[in-house]
Amino acid sequence: MRLLAEADPLEARLLQAALELLAERGYRGATTKEVARRAGVSEVTLFRRFGSKKALFQKAVAAFFPQGFVERFPREGMPLEEGLLVLAEVYQEFLQAHRTLLPKLLTEFLRHPELLAEGPPRGLGMALGRILGFFRAKQEEGLLRPDEPPEELALAFVGPLFARFLLGEALGVRLPLDREAYVRGYLEGRYGAR
């Protein structure tokens, strides 16, 4: 798990340690003392930087995002099928890379919505913007239905991928994915775009 690059290496270490402990122990079980220890600083330093446990974890969640992830998403000018294949590949890799972290973070977000006080993690917000831009561009090109918002089109594509991942994790089974068949099913099944 990596965070978006932080200008301050000390702050980056504290945020990384906070996110790791959040995933391991949950918000209540993750102590500022242990975060400071993992980051190699005193607890006093942690509180000088962030002021409170809540502020520390809010910032850690906001900074969570794999470095270089957004750049891999399809660009607006990419052909539709190629872009969807790229999106499915990158999304699947992200889910696999964070297989232990994501279910735990989602649980903590439900238990402690204050962790998302600043909205979705900024890196994921950037990724969402890029994805929506791609779907919006394909709508404008007449390749996807114009009667649904791009958010619905994107959710209809990535939602089943995420559900497949969560079910596989919960049941302890690997569910292989034929990305080309998945993209065809999306285009032909729901949207009749062909």
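Everything here concerns the structure above.
Residues numbered from 1 in each chain as written. Predicted model: local features only at pLDDT ≥ 70, side-chain atom pairs only at ≥ 80, totals over all residues. Heavy atoms only, no water.

A. Representation of the overall build of the protein chain in the model. Secondary structure summary: the protein chain contains nine helices and zero strands in total. Its helices and strands in sequence order give the protein chain the pattern α-α-α-α-α-α-α-α-α, from N to C terminus. The buried share of the protein chain, taken over its 194 residues, is 44%. (Helix = DSSP H or I, 4+ residues; strand = E, 2+ residues; numbered from the N terminus. Buried < 20%, exposed > 50% of the residue type's maximum accessible area, 1.4 Å probe, protein only.)

B. Region of interest: a nonpolar patch on the surface. A cluster of nonpolar side chains, contributed by Leu167, Leu171, Val173 and Leu175, occupies part of the molecular surface with about 370 Å² of accessible area. In this structure, leucine 175 sits in the loop between helix H8 (150-171) and helix H9 (179-190). (Patch = residues over 30% accessible without salt bridge, like charges linked within 9 Å, V, L, I, M, F, W, Y side chains within 5 Å. Areas by Shrake-Rupley, 256 points an atom, 1.4 Å probe, with all protein chains shown as cover. Salt bridge = Lys/Arg side-chain N within 4 Å of Asp/Glu carboxyl O.)

C. Spotlight on the packing of helix H2 (residues 32-39) against helix H3 (residues 43-50). Where H2 meets H3, the axes come as close as 8 Å, and the angle between the chain directions of the two elements is 105°. Viewed along their axes, H2 and H3 adopt a mutual orientation that is roughly perpendicular. From H2, Thr32, Lys33, Val35 and Ala36 reach across to H3, where they touch Glu43, Leu46 and Phe47. Here the contact of H2 with H3 is composed, by residue class, of four nonpolar, one polar and two charged. (Axes fitted to C-alpha atoms, helices over the stretch in contact; angles between N-to-C directions. Parallel < 35°, antiparallel > 145°, perpendicular 65-115°, else oblique. Contact = heavy atoms within 4.5 Å. Nonpolar A, V, L, I, M, F, W, Y, C, P; charged D, E, K, R; others polar.)

D. Spatial organisation of the environment of proline 79. Mapped onto the elements, proline 79 comes out in the loop between helix H4 (53-63) and helix H5 (80-97). Proline 79 sits in the partly exposed class, given a relative accessible area of 48%. Sequence-wise, proline 79 and leucine 143 are 64 residues apart; in three dimensions their C-alpha atoms are separated by 9.7 Å.

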